[in-house]
Amino acid sequence: PGLIFGIKSHIMVAHSILRRGSRAALSSLGRQYSSVPNVMTAAVIRETGPSSVMKVEKDYPTPKLNPGSVLIKNKFSGINFIDTYHRSGLYKRDLPFIGGQEGGGFVAATSPEAEQQGVKVGDRVAYSSVFQTYAEYTAVPAHKVVTVPEEIPLDVAVSCGVQGMTAHYLTHSAHAQLVKPGEWMLIHGTGSGTCQWAAQMAKLRGYKVIGTCSKSKVDIAKGTGVDELIVYDEAPGTSYEDYSSVDLVPKIMEITNGQGVKCVIDGIGLATWETSIEVLATKGIFVSFGNASGAVPAFPPLKLINKSAFLTRPKLNDYTQTREELMWRANDIFGWIKSGELKVAVDRCFPLEQAKEGHDYLEAGKSRGKVLYEIN
């Protein structure tokens, strides 16, 4: 049950839309929600490699509604670096697969279990840590669905998924409380992506923050409220930082009076991991969460001995394992957005038909905020 909706579903959708004051959208969404097609448009990877391997297919099978799940009619899907790792084959996936792991839109069908949780057809929702979101429809476990407050635009809410949740666990949990409010934290790449969020959240937590960015993103990085900002030149022909253009270690030691930082949040990877370890204070922690410049190679634990340092390589799924943990993070983020304490920048929104171009834009280091696909 649930693939063809009756009068009750139409009334619920209509009521939701009218509440947002969009009578013009009512007719359109009413047609969209009157039935769920057997096939849909999706950006599909049938072989791993560069962005060109991702093809938009118009006849991909629509996912089935499973027990305990809901079917979401996606309006937006987020584009994240981890999606490029799946597409390239760096992180292994069974082929073929649809790209993406966060999205948002409207509930198109619910299972009885989801209804017991309070999820209803027509609800405006966002979700993350669910594969196969570069598509018109995604089947999502009900416990991963977050209802979006009316005050928050849907594109902003979708942006809160992978990047917002990641920034929250990085600044609240992954460092294992080895850094305390009032102590120094280094966050790489505060001019784009996840670390725009992380810098703001770190300040909300009371940490003293050193950020880094390229020259073209100074305005964004300063807008996060970092206490100190180290600016790199850009690599020729790119928007990426040239990490050889600044000797980071003496600058960090000067700022911290020779002590180093108690925590480094590093999503850059290959280009920064060695200096990230070198600038740590005694018993500091290196939080390595991304591979924007390439993966961190294997290295001997003895490399950490000089500072009795800690290392963690976390991932989002392990920090949103329960409904309670998910909602703690989501409620914090939505609350900060509504109060104006957290600013979310949606940089570019590509139509799904331009799936390749979306990945190219992100991988070229051009993003100044969240990058999304819009799905009609």
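Cut-offs used in this document
Residues numbered from 1 in each chain as written. Predicted model: local features only at pLDDT ≥ 70, side-chain atom pairs only at ≥ 80, totals over all residues. Heavy atoms only, no water. Salt bridge = Lys/Arg side-chain N within 4 Å of Asp/Glu carboxyl O. Helix = DSSP H or I, 4+ residues; strand = E, 2+ residues; numbered from the N terminus. Disulfide = S-S within 2.5 Å. Buried < 20%, exposed > 50% of the residue type's maximum accessible area, 1.4 Å probe, protein only. Axes fitted to C-alpha atoms, helices over the stretch in contact; angles between N-to-C directions. Parallel < 35°, antiparallel > 145°, perpendicular 65-115°, else oblique. Left-handed = near helix turned anticlockwise from the far one by under 90°. Contact = heavy atoms within 4.5 Å. Nonpolar A, V, L, I, M, F, W, Y, C, P; charged D, E, K, R; others polar. Pairing = 2+ DSSP bridges. Right-handed = clockwise from strand over helix to strand, strands pointing away.

**Quick notes on the pattern of salt bridges**
And then number 1: Under the criterion given, the structure shown has 13 salt bridges.
And then number 2: Among the ionic pairs, Arg87 bridges to Glu363, the shortest N-O distance being 3.0 Å. Here Glu363 lies in helix H11 (residues 355–363) and Arg87 lies in helix H3 (residues 81–88), a separation of 276 residues in the sequence.

**Thoughts on the state of the cysteines**
When the sulfur atoms of two cysteines share a covalent bond, that bond is a disulfide.
And then number 1: Summed over all chains, the structure comprises 0 disulfides.
And then number 2: The closest cysteine sulfur to the non-disulfide-bonded Cys160 is located on Cys349, 15 Å from its own sulfur.
And then number 3: Of the residues examined, Cys160 reaches a relative accessible area of 4% and is grouped as buried.
And then number 4: Take Cys213: it sits in no disulfide, and the sulfur closest to it among the cysteines is that of Cys195, at 12 Å.
And then number 5: A relative accessible area of 0% places Cys213 in the buried class.

**Observations concerning the packing of helix H5 (residues 154–172) against helix H6 (residues 194–204)**
And then number 1: Close contact between H5 and H6 brings their axes to 8 Å; oriented N to C, the two are set at 45 degrees. For the element pair H5 / H6, the angle class is oblique. The handedness of the crossing between H5 and H6 is right-handed. Between H5, through Ser159, Cys160, Gln163, Gly164, Thr166, Ala167, His168, Leu170 and Thr171, and H6, the contact on the second element is made entirely by Thr194, Trp197, Ala198, Met201 and Ala202.
And then number 2: When its residues are assigned to classes, the contact of H5 with H6 shows 7 nonpolar, 7 polar and no charged.

**Here we look at the sheet that holds strand E12 (residues 261–266)**
And then number 1: In space, the 6 strands of this open sheet follow the order E11-E10-E9-E12-E13-E14, with parallel pairing throughout. Each edge of the sheet is formed by a strand with only one pairing partner; in this case those strands are strand E11 (228–232) and strand E14 (310–312). Strand-to-strand twist across the sheet, computed as the mean angle between neighbouring axes with direction ignored, equals 15 degrees.
And then number 2: Pairing geometry for strand E13 (residues 280–288) and E14, over 3 bridges, is parallel. For Ile285, the partnering residue across the bridge sits in E14 and is Phe310.
And then number 3: With respect to the sheet, H6 is in contact with strand E9 (184–187), strand E10 (208–214) and E12, its orientation differing from that of E9 by roughly 170 degrees.

**Quick look at the sheet that holds strand E2 (residues 54–61)**
For sheets, the rule is that strands pair by backbone hydrogen bonds, running either parallel or antiparallel.
And then number 1: Pairing within the open sheet is antiparallel, and its 3 strands lie in the order E2-E1-E4. The sheet terminates laterally at E2 and strand E4 (97–98), the two strands that pair on one side only.
And then number 2: Sheet topology places strand E1 (residues 39–45) next to E2; 6 bridges connect them, and they run antiparallel. Residue pairing in the sheet places Val44 in a bridge with Lys55 of E2.

**Here we look at the pairing of E11**
Here is the key point about a regular strand: its side chains alternate between the two faces of the sheet.
And then number 1: Here 5 bridges tie E10 to E11, and the two strands are oriented parallel to one another. In the sheet register, Ile210 faces E11, and the bridge partner there is Glu228.
And then number 2: Of the crossover connections in this fold, the one passing from E10 over helix H7 (residues 218–223) to the parallel E11 is right-handed.

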